[in-house]
Each structure stands twice: as structure tokens, then as C-alpha cells.
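One-letter residues, chain by chain:
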Amino acid sequence: MDFFWSLPKSSMSDLEAQLRTLFTSSQARHYEAGAILSDPGAAPERAFLCAGGNLKVTKMLSNGREILITILETGSIWSDRSLLKGYWREVFVETMSAAAVISIEKEAFERFICESPDRLTRFMAKVSEQMSDALTLLDDYRGRDVASRLASVLVRFSKEYGVKKEHSVVIDVPFTHQDLANMIGTARETVSRNMARFRAEGYVADSRTATLEILNLGSLEALIV
């Protein structure tokens, strides 16, 4: 199985401060929206820290379909290769907005992780948790209709990236209807039709400015059957 690992900023707890120290001696590179940071042909085997902006990780399947694996926010750390000789096949990292990224040699990252048994254990536990979540998500999608799968993604995004307001949750991550389609395995037009339905029923409010507002989280959760 092809494997991509990343550590979202919200998942690292006490590891975060330690890991960030690895990147302090390197300067950030700045990219415009739509820039490809990593691709299967390059694979320079480095570890990266997102110092600003949002990025998306996609994989090209053998049938030509692109799927969205995850979204990386400011503070996320990832690698071109999984730790200890993993795989990097047909996986791309692309900026969703203007972004700043710091990178270091993968060997330096691995030395830091492996020099402490406790640090290695905690790191591998986080990576294992990510894999488990991904497999659970795939299993959850099996047999569900598009509306249910889409609602599941929006609920998850509201918890991972949302900012709570008085009566709603605002998700200020610049994903498109095509990104949502790539995540749940359907066509963009199908996502657009379902989003129009969600708007009409007062579940969400979205716009071309890439800000999504969840108006009725409970109703979306009720669609996840």
C-alpha cells in the first residue's frame, strides 16, 4: 500500500515544540497558489514544515482518477518519503494558497526521531493513528450515497479546521468543489448539486471566496448513515 505520512499541527502535542526546533536553522521558501512542491519524479527525500498557508496532498490512481488524501495547514510536518524506507508513488503536494515551506534533510529528521526511544514511540503512534483514521474513513464511505459522504467530509473539516462562531462554524480553507469530489470519489458536478441542496436547506453557506460556513452541523451529522 502506498503510504504518505504527515503530522497536523493539532496532533503533535508535546512533540510539536521539539520537532519545530529542527527547522529553525533553515529559511522558508515562498510559493504562489497552485505550485507543485513535491511530485513522484522528484522525491528529494526531505522533511517539511508548513510555515504559512495551506497545501493539499493528492494521489493519482491507476485509472487516472485523482483523490485528495489530506490538507496540510500552517504548522503541519510531513516527508517526501515515509519514515524508514516507506513509499512515495504518484503522490503530489500542491499549494492551495500562497504558502511558506521550510525543509530539512530527511536523515536529520530521522536521526532526531530515532535518538530517543520515547520520541520514536510517540512519533510512530501518531503515524499509526493517521493510517487507522484513513482506513476507517474508507470503510465509512463504503455503501454510502454521495450526500452522506459529502456531509461526513464537511463535519470532519468543521472539527479539524473550523472556527466556532456564535451560531455556526467557519472553515477558512480554500478547498474547491473539485477537491471535495476528489476526496469522496465522485464528479465535481455531483458535489455542486449536493452543496446547492445543503445551501437551500440551510445547512451551509459557501461562496467563491473559498470560505465555507456550517450553519447546521446537527443536520449534516444526521445525514451520515
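The following paragraphs examine the structure supplied in this document. (Residues numbered from 1 in each chain as written. Predicted model: local features only at pLDDT ≥ 70, side-chain atom pairs only at ≥ 80, totals over all residues. Heavy atoms only, no water.)

1. Observations concerning the overall build of the chain
Thought 1: In terms of regular secondary structure, the chain is built from seven helices and 13 strands.
Thought 2: When each of the 225 residues of the chain is scored for burial, the buried share is 45%.
Thought 3: Restricting to contacts in the chain with at least 6 residues of sequence separation, those with at least 24 account for 74%.
Thought 4: Accessible area for the chain stands at about 11400 Å²; split by element, carbon and sulfur atoms hold 51% of it. (Helix = DSSP H or I, 4+ residues; strand = E, 2+ residues; numbered from the N terminus. Buried < 20%, exposed > 50% of the residue type's maximum accessible area, 1.4 Å probe, protein only. Contact = heavy atoms within 4.5 Å. Areas by Shrake-Rupley, 256 points an atom, 1.4 Å probe, with all protein chains shown as cover.)

2. Observations regarding the packing of helix H4 (residues 146-161) against helix H6 (residues 188-200)
Thought 1: Close contact between H4 and H6 brings their axes to 10 Å; oriented N to C, the two are set at 75°. One way to sum up the angle between H4 and H6 is to call them roughly perpendicular. Along the contact surface, H4 presents Val 146, Ala 147, Leu 150, Ala 151 and Leu 154, while H6 presents Thr 190, Val 191, Asn 194, Met 195, Arg 197 and Phe 198.
Thought 2: Here the contact of H4 with H6 is composed, by residue class, of eight nonpolar, two polar and one charged. (Axes fitted to C-alpha atoms, helices over the stretch in contact; angles between N-to-C directions. Parallel < 35°, antiparallel > 145°, perpendicular 65-115°, else oblique. Nonpolar A, V, L, I, M, F, W, Y, C, P; charged D, E, K, R; others polar.)

3. Quick look at the packing of aromatic side chains
Thought 1: Across all of its chains, the model carries five aromatic pairs by this definition.
Thought 2: Grouping aromatic residues by their ring pairs yields a cluster made of Phe 157, Tyr 161 and Phe 175.
Thought 3: The side chain of Arg 119 reaches across the aromatic face of Phe 112, ending 3.9 Å from its centre. (Phe/Tyr/Trp six-rings, centres within 6.5 Å; stacked < 30°, edge-to-face > 60°. Lys NZ or Arg CZ within 6 Å of the ring centre and 35° of its normal.)

4. Observations concerning the sheet that holds strand E13 (residues 212-214)
Thought 1: Strand order across the open sheet formed by four strands is E10-E11-E13-E12, with antiparallel pairing between neighbours. Two strands in the sheet have a free side with no partner beyond their single neighbour: strand E10 (162-164) and strand E12 (204-206). Put simply, the sheet's adjacent strands are angled 20° from each other on average, direction ignored.
Thought 2: When E10 meets strand E11 (residues 169-171), the two strands line up antiparallel, connected through three bridges. Each bridged residue has a counterpart across the sheet, and for Gly 162 the counterpart in E11 is Ile 171. (Pairing = 2+ DSSP bridges.)

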